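Residue-level structure breakdown
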Amino acid sequence: LGQCLCADGTAHQWLIERINTAYSIVTEYKLPMSSTYFIVSGADVSNRKYQNANNGQFPNPKHITEAETMYNLLMDKHAKATNNEKDAESFASRIILEDKATSTVENMYYTFKMLHTSNVK
């Protein structure tokens, strides 16, 4: 999953649609949430976009990373779909957050590096 954030740090519509599609695939095909993982990847590229457009100034406050934005979108999607607050912590533990990548190549590199050292099977 991934898509650059808008210059103001908000999620692009395409990113929201990717999150919705990924979550829908898991529920539509009745994959077990207890063993399904989501990988969200991306750094704070929108801060650099903002800086370039605003004479070197960063936004105040700085935007969160693409990965954190996707994490929040997934958590919101799951909360609305299940209406079960007790499950939130368990669901959150199955979202793997990679927040260093600034390109598609780096997304793959850091994600594979994380998976290689993780217990995910």
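The numbers attached to residues start from 1 for each chain and follow its sequence in the written order. With pLDDT at 70 or above as the cut-off, local features in this predicted model cover only qualifying residues; side-chain atom pairs require 80 or more to be listed or tallied, and sums for whole chains, interfaces and linings still use all residues. Remark: hydrogens and water are excluded; side-chain values derive from all non-hydrogen atoms of the structure.

Moving on: the packing of aromatic side chains. Note on aromatic pairs: the rings of Phe, Tyr and Trp (six-membered ring only in Trp) are paired at centre separations within 6.5 Å, and the planes decide the class, stacked below 30 degrees, edge-to-face beyond 60, tilted for the rest. Scanning the model with the defined rule gives four aromatic pairs in all. Geometrically, the ring pair formed by Tyr23 and Phe91 is edge-to-face, given 6.1 Å between the ring centres and 75 degrees between the ring planes. With Tyr23 in helix H1 (residues 13–28) and Phe91 in helix H4 (residues 88–92), this pair connects stretches of sequence that are 68 residues apart. A network of ring pairs unites the aromatic residues Tyr23, Phe38 and Phe91 as a single cluster. Only DSSP runs of H or I reaching four residues or more are called helices, and only runs of E reaching two or more are called strands; each is numbered from the N terminus.

Residues enter a nonpolar core if they are buried and are Ala, Val, Leu, Ile, Met, Phe, Trp, Tyr or Cys, with the set joined through side-chain atoms within 4.5 Å. For each residue, the accessible area found with a 1.4 Å probe, counting protein chains only, is set against the maximum for its type, and the residue is called buried under 20%, exposed over 50%, and partly exposed in between. Core analysis: the biggest nonpolar cluster contains 16 residues, and Tyr23, Met33, Phe38, Val40, Leu74, Phe91 and Ile95 have the highest contact counts within it. Going through the elements one at a time, H1, strand E1 (38–41), helix H3 (66–82) and H4 are the ones with two or more residues in this core. The element best represented in this core is H1, accounting for five residues.

A few words on the side chain of Arg94. Of note, Arg94 is situated in the loop between H4 and strand E2 (95–98). Whether two residues are in contact is decided by their heavy atoms: any pair within 4.5 Å suffices. Aside from chain neighbours lying at most four places away, what touches Arg94 is Met33, Ser34, Ser35, Thr36, Tyr37 and Phe38.

On to the packing of H1 against H3. Direction vectors running N to C along H1 and H3 enclose 50 degrees, while the axes themselves pass 10 Å from each other. Considered as vectors, H1 and H3 are oriented oblique to each other. In this structure, H1 meets H3 at a crossing whose hand is right-handed. Each of Leu15, Ile16, Ile19, Asn20 and Tyr23 in H1 lies in contact with H3, whose residues at this interface are Thr69, Met70, Leu73, Leu74, Lys77, His78, Ala81 and Thr82. Polar here means any residue other than Ala, Val, Leu, Ile, Met, Phe, Trp, Tyr, Cys and Pro, which are nonpolar, and Asp, Glu, Lys and Arg, which are charged; Gly is therefore polar. For the contact of H1 with H3, the residue count by class is eight nonpolar, four polar and one charged. What counts as an axis is a line fitted to C-alpha atoms, over the stretch in contact for a helix, and the angles between N-to-C directions run from 0 to 180 degrees. Small angles under 35 degrees read as roughly parallel and large ones over 145 as roughly antiparallel, with 65 to 115 read as roughly perpendicular and the rest as oblique. Handedness of each helix crossing follows the sense of rotation of the near helix against the far helix: counterclockwise by less than a right angle gives left-handed, clockwise gives right-handed.

Let us now look at unusual backbone geometry. With omega at 0 degrees, the peptide bond leading from Asn60 into Pro61 counts as cis. Within the secondary structure, Pro61 is located in the loop between helix H2 (45–53) and H3. For Lys30, which is not glycine, the phi dihedral falls at a positive 50 degrees. By secondary structure assignment, the location of Lys30 is in the loop between H1 and E1. Look at Lys30 and you get exposed, because its relative accessible area is 70%.

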